[in-house]
Amino acid sequence: MATIGSSDLDVFPLMLGANTFGWTSDEQASHSILDAFVKGGGNAVDTADSYSAFAPGNSGGESETVLGTWLAARGNRDDVVIATKVSQHPDFLGLAPDTIRAAADASLQRLQTDHIDLYYAHFDRPDDGTPLVESLAAFDALIRSGKVRHVGISNFSPERIEEWFAIAEREGFDRPIALQPHYNLVHRRTYEPALRDLADQHDLGVFPYFALASGFLTGKYRTREDLADTPREKLTQGYFSDAGLEVVDALDEIATAHETSIATVALAWLLTRPGIVAPIASVSRLDQLPSLLSATSLRLSAEEIDTLTAASDKVGQ
């Protein structure tokens, strides 16, 4: 287990992404995945109120709803760390105080719980005209009410994160404990170096999303034709390049040496990077889960880490 920042939250070094729930995995399949994740040692799940409004026929909140029915059925709420997010649900766009309060209540209802362990500001929305201090006051009020235990930041610029901490210090608000950046072997520019350094400076636990590059780093898609007409086509196509495919080849060679999967090695590399508490990775089928769990016990050699990092350097992310 690893502690998130300066908090008392201890999490397994892999966070299960729930973005597939109610999208590419139905309720029954999602419950089976959650059961197996917990049986395998996992205890932290990442979702958002907007999942999966991006899918045809969905309106947002599907993932939280599925997660809530599982929590209610298993009666294990105190054993699981739940992270969710605000600002992107179609009915709760932005970070105005009233929006944050209403969105939190809606998430709590869908999750069938009385508290959220980690509540992220999902995307910075300066265009909605809300001063950041007002958004932070709303988050702090949720903490003081007991509805939220801790706050995290996702998809904010380094400058806005610095502003957040300055406001929190000045106003006496609880400091964020977690950072969720886009980060993987074929996309490093978002995290390195600015966010990495801020995470270290402010003791933020880091949870990379798109840890497997929307499936590209599983080796499943070796050509654009492999990806065509799949649910992940739009998410994954941006990772394709000759240099990116060389990263997959390097992963494949190391995975073969360890008799494990490409995905396992890709996640294990992330766990060697500065500041990383747990990568976020999701599955649509139960048989995909073991390769994710195995990453937490795989120990890469210094030479293997250097090989992957060197291949990644060529991507020009």
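The structure presented is a predicted model; accordingly, all values stated were derived computationally and were not measured.

(A) Region of interest: the pattern of salt bridges. Going through the model one piece at a time under the given rule, you end up with 17 salt bridges. Between aspartate 117 and arginine 77 there is a salt bridge, with the nearest N and O atoms lying 2.9 Å from each other. In this pair, aspartate 117 sits in strand β8 (residues 116–121) while arginine 77 sits in the loop between α2 (62–74) and β5 (81–86), placing the two residues 40 residues apart along the sequence. Overall, aspartate 117 belongs to the buried group, its relative accessible area being 2%.

(B) Expanded view of the sheet that holds β8. If you trace the eight strands from one edge of the open sheet to the other, you get β11-β10-β9-β8-β5-β4-β3-β12, paired in parallel fashion. Edge strands, defined here as strands with exactly one partner in the open sheet, are β11 (205–206) and β12 (280–281). The sheet strands contacting helix α1 (residues 27–39) are β3 (15–17) and β4 (44–46), and the helix crosses β3 at an angle near 170°. Sitting on the sheet, helix α3 (residues 97–111) touches β5 and β8, and the angle it makes with β8 is about 140°.

(C) Quick look at the environment of serine 294. Among the secondary structure elements, serine 294 is positioned in the loop between α11 (289–293) and α12 (302–313). Of the residues examined, serine 294 reaches a relative accessible area of 31% and is grouped as partly exposed. Between the C-alpha atoms of serine 294 and aspartate 105, which are 189 residues apart in sequence, the distance is 36 Å. Polar side-chain contacts of serine 294 include one of 2.9 Å to the backbone oxygen of proline 290.

(D) Quick peek at the nonpolar core. With 89 residues, the main nonpolar core has Tyr119 and Leu217 as its most contacted residues. Per-element accounting of this core gives the leading share, eight residues, to helix α10 (residues 262–270). With sequence-adjacent residues up to four places away left out, tyrosine 119 is seen in contact with Thr84, Lys85, Val86, Ile100, Ala103, Ala104, Phe139, Leu142, Val148, His150, Val151 and Gly152. Formed by 16 residues, the second largest nonpolar core is a distinct cluster that contains Ala44, Tyr120, Ile177 and Ala178.

(E) Main features of unusual backbone geometry. Cis geometry marks the peptide bond from tyrosine 51 to serine 52; its omega dihedral reads 0°. Summarising the element assignment, serine 52 is placed in the loop between β4 and α2. Residue proline 193 follows glutamate 192 across a cis peptide bond; omega there is 0°. When you line up the elements, proline 193 lands in the loop between β10 (178–180) and α6 (194–202). A positive phi angle is found at glutamine 112, which is not glycine, with a value near 55°. Checked against the element boundaries, glutamine 112 lands in the loop between α3 and β8. Looking at glutamine 112, the relative accessible area reads 48%, which means it is partly exposed. Although it is not a glycine, glutamate 259 adopts a positive phi angle of roughly 55°.

(F) Here's a closer look at the packing of aromatic side chains. Under the defined criterion, the tally for this structure stands at 11 aromatic pairs. Geometrically, the ring pair formed by tyrosine 51 and phenylalanine 54 is edge-to-face, given 6.3 Å between the ring centres and 65° between the ring planes. With a centroid separation of 5.9 Å and 25° between ring planes, the pair formed by phenylalanine 139 and tryptophan 164 is classed as stacked. Taken as a pair, phenylalanine 139 in helix α4 (residues 132–145) and tryptophan 164 in helix α5 (residues 158–171) lie far apart in primary sequence, 25 residues in all. The exposure class of tryptophan 164 is buried, given its relative accessible area of 2%.

(G) Representation of α12. Over its 12 residues, α12 extends 16 Å from the first C-alpha to the last, a length consistent with the 16 Å expected when each residue adds 1.5 Å. Looking only at α12, the buried set comprises Glu304, Ile305, Leu308, Thr309, Ala311 and Ser312. Angular distribution of buried residues about the axis of α12 spans 160°; they occupy a single face of the element. In α12, those exposed residues whose orientation departs by more than 90 degrees from the buried face are Ala302, Glu303 and Asp306.

(H) Spatial organisation of the environment of serine 32. As for its placement among the helices and strands, serine 32 is situated in helix α1. Distance in space between the C-alpha atoms of serine 32 and glycine 57 is 23 Å, their sequence separation being 25 residues.

(I) Just the packing of α2 against α3, in detail. Close contact between α2 and α3 brings their axes to 7 Å; oriented N to C, the two are set at 45°. With respect to α3, the element α2 is oriented oblique. Here Glu64, Thr65, Leu67, Gly68 and Leu71 of α2 lie close against α3, whose contacting residues are Ser107, Arg110 and Leu111. For the contact of α2 with α3, the class distribution of residues is three nonpolar, three polar and two charged.

Cut-offs and rules
- Residues numbered from 1 in each chain as written.
- Predicted model: local features only at pLDDT ≥ 70, side-chain atom pairs only at ≥ 80, totals over all residues.
- Heavy atoms only, no water.
- Salt bridge = Lys/Arg side-chain N within 4 Å of Asp/Glu carboxyl O.
- Helix = DSSP H or I, 4+ residues; strand = E, 2+ residues; numbered from the N terminus.
- Buried < 20%, exposed > 50% of the residue type's maximum accessible area, 1.4 Å probe, protein only.
- Pairing = 2+ DSSP bridges.
- Contact = heavy atoms within 4.5 Å.
- Axes fitted to C-alpha atoms, helices over the stretch in contact; angles between N-to-C directions.
- Polar contact = N/O pair within 3.5 Å; in protein donor to acceptor, adjacent residues only side chain to side chain.
- Core = buried A, V, L, I, M, F, W, Y, C linked by side-chain atoms within 4.5 Å.
- Phe/Tyr/Trp six-rings, centres within 6.5 Å; stacked < 30°, edge-to-face > 60°.
- Expected span 1.5 Å × (residues − 1).
- Arc of directions from axis to C-beta.
- Parallel < 35°, antiparallel > 145°, perpendicular 65-115°, else oblique.
- Nonpolar A, V, L, I, M, F, W, Y, C, P; charged D, E, K, R; others polar.

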